[in-house]
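Observations on the three-dimensional arrangement
In case you want the letters, here they are:
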Amino acid sequence: MTTEIITAAPVVDRPLHIESEPETVRNERRWKARSDEGEELLLAQLLPELAGDESLRRRYVYEAERLAAIESSSLAEVLAIGPKPDPRDPMSAAPWGLRRVPSGQRLDRVLQERAPLPVDQAIGLLTSLAEAVHRLHLAGLVLRDLEPRSIVLGDRDSVTITDVGLARVEILSSRTASSLLLESSAYAAPEHLRATVVDARADVYTLGAIAWQALSGVLPYDEGSPFVRDYEALPNLRDLRDRVPDGLDELLRSCLSADPDARPKSAT
């Protein structure tokens, strides 16, 4: 993640107050913004060097439109997509999307500051997150690159997921494919990194990795290259954490299997 002082924010067809310099995150340039009513928003634009590739541009707009059509409390809401009249037009400025910023704490910060969490709290987190992921699976989404920095914990154990759909753009882009490997490998399923078939079971793997970290305070595997990772070397969770309930070690171990067929079939 880098900060840049470069071009002005794209023009949006609604009152908007830009509150930050642009920041490059993965394949987007982002500005913190606020509506006239004081609502916190995020204005994100596909990087101009990627917008020149028509296939990447179409994929980015397709994913934004797809997310905008889904009504789910588990997903950060997309409010607008531009530029008008057609953000796919290669002669237009780079496409952008305006999203709501969910209120709450980002999970990566919670884990960094407080993990290992109390056992009951970690189990509650896994339950809420699994339910949120399952709702999105029912809507036809496979998240692919779910990770703690894209999860916001709200009141009453609510979970909101952000940055959905960016992985599909990165897969098509040689510029960002390497960053996807480096940034997401700690939580990404091995079939994702090996460019094989990816389905909902890849998100089940990530649920297991997040729950393991929440319970133990460490990632289930070393942060080295996922291509040389020993998936048989997973320690016993009870050696890392006292009072782990019966069956939880076995459940997370199955979630973290290198073989998708050995994982639970769904987030439920």
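So, here's what we can say about the structure. (Residues numbered from 1 in each chain as written. Predicted model: local features only at pLDDT ≥ 70, side-chain atom pairs only at ≥ 80, totals over all residues. Heavy atoms only, no water.)

Taken as a whole, the largest pocket spans an internal volume of roughly 710 Å³. Elements represented by at least two residues in the lining of the largest pocket include exactly β3 (23-25), β4 (28-34), β5 (40-46), β7 (96-100) and β8 (105-106). By residue class, the composition of the lining of the largest pocket is 9 nonpolar, 5 polar and 12 charged. (1 Å grid on protein atoms, 1.4 Å probe; cavity = no way out; pocket = protein on both sides within 12 Å on 5 of 7 lines; lining within 4 Å. Points joined across faces, edges and corners; volume = space filled by probe spheres on them. Helix = DSSP H or I, 4+ residues; strand = E, 2+ residues; numbered from the N terminus. Nonpolar A, V, L, I, M, F, W, Y, C, P; charged D, E, K, R; others polar.)

Along the chain, the position of R57 falls in helix α2 (residues 54-68). Buried charge without a salt bridge: R57, with D89 as the nearest opposite-charge side chain at an N-O distance of 6.5 Å. A polar side-chain atom of R57 sits 3.3 Å from the main-chain carbonyl oxygen of S92. Sequence-distant contacts of R57, defined by excluding residues within four places in its chain, comprise L46, A51, P87, R88, D89, P90, S92, A93, A94 and P95. (Buried < 20%, exposed > 50% of the residue type's maximum accessible area, 1.4 Å probe, protein only. Lys, Arg positive; Asp, Glu negative; His and termini not counted. Salt bridge = Lys/Arg side-chain N within 4 Å of Asp/Glu carboxyl O. Polar contact = N/O pair within 3.5 Å; in protein donor to acceptor, adjacent residues only side chain to side chain. Contact = heavy atoms within 4.5 Å.)

What follows covers unusual backbone geometry. Leave glycine aside and you will find that most residues have negative phi; peptide bonds, for their part, are mostly trans. Here the residue pair G82 and P83 is connected by a cis peptide bond, since its omega of 5° sits within 30 degrees of zero. We note that R26 has phi near 55°; this positive angle belongs to a residue other than glycine. Along the polypeptide, R26 turns up in the loop between β3 and β4. Notably, D157 is not glycine yet its phi reads approximately 65°, a positive angle. Along the chain, D157 falls in the loop between β9 (151-153) and β10 (159-161). Among the residues examined, D157 registers a relative accessible area of 59% and is labelled exposed.

Across the sheet, 3 strands lie side by side as β8-β9-β10; this open sheet has antiparallel pairing. Since the sheet does not close on itself, it has two edges, and those belong to β8 and β10, each with one partner. With 2 bridges connecting them, β8 and β9 associate as antiparallel partners. Counted as the bridge partner of R106 is V152 from β9. Set on the sheet, helix α4 (residues 119-138) makes contact with β9 and β10; between it and β10 the angle comes to about 45°. (Pairing = 2+ DSSP bridges. Axes fitted to C-alpha atoms, helices over the stretch in contact; angles between N-to-C directions.)

Now for helix α3 (residues 107-114). At 3.6 residues per turn, the α-helix brings residues three or four places apart onto the same side. When α3 is considered as a whole, its buried residues turn out to be L107, V110 and L111. Burial along α3 is one-sided: seen end-on, the buried residues are contained in an arc of 95°. Those residues of α3 that are exposed and angled more than 90 degrees off the buried face are Q112 and E113. In this structure, the buried residues of α3 make contact with β8, α4, β9 and α8 (200-216). (Arc of directions from axis to C-beta.)

With that out of the way, let us pick up the pattern of salt bridges. Overall, the coordinates contain 20 salt bridges when judged by the stated rule. The salt bridge involving R263 is made with E191; its shortest N-O contact spans 2.7 Å. Separated by 72 residues along the polypeptide, R263 in the segment after α10 (248-255) and E191 in helix α7 (residues 190-193) bring together distant segments of the chain. Each member of the pair R263 and E191 is classed as buried. For D261, the salt bridge goes to R201, with nearest N and O atoms at 2.6 Å. Of this pair, D261 sits in the segment after α10 while R201 sits in helix α8, and the two are 60 residues apart along the sequence. Of the residues examined, R201 reaches a relative accessible area of 19% and is grouped as buried. Among the charged side chains, a salt-bridge network with shared partners connects E28, R30, R99 and D163.

To continue, consider empty space enclosed by the protein. For the structure on display, the rule yields 2 cavities of 30 Å³ or more. Within this model, the second largest cavity holds a volume of roughly 50 Å³. What lines the second largest cavity is simply R26, L143, D145, L146, S150, I161, T162, D163 and V164. Residues of the lining of the second largest cavity, tallied by class, amount to 4 nonpolar, 2 polar and 3 charged.

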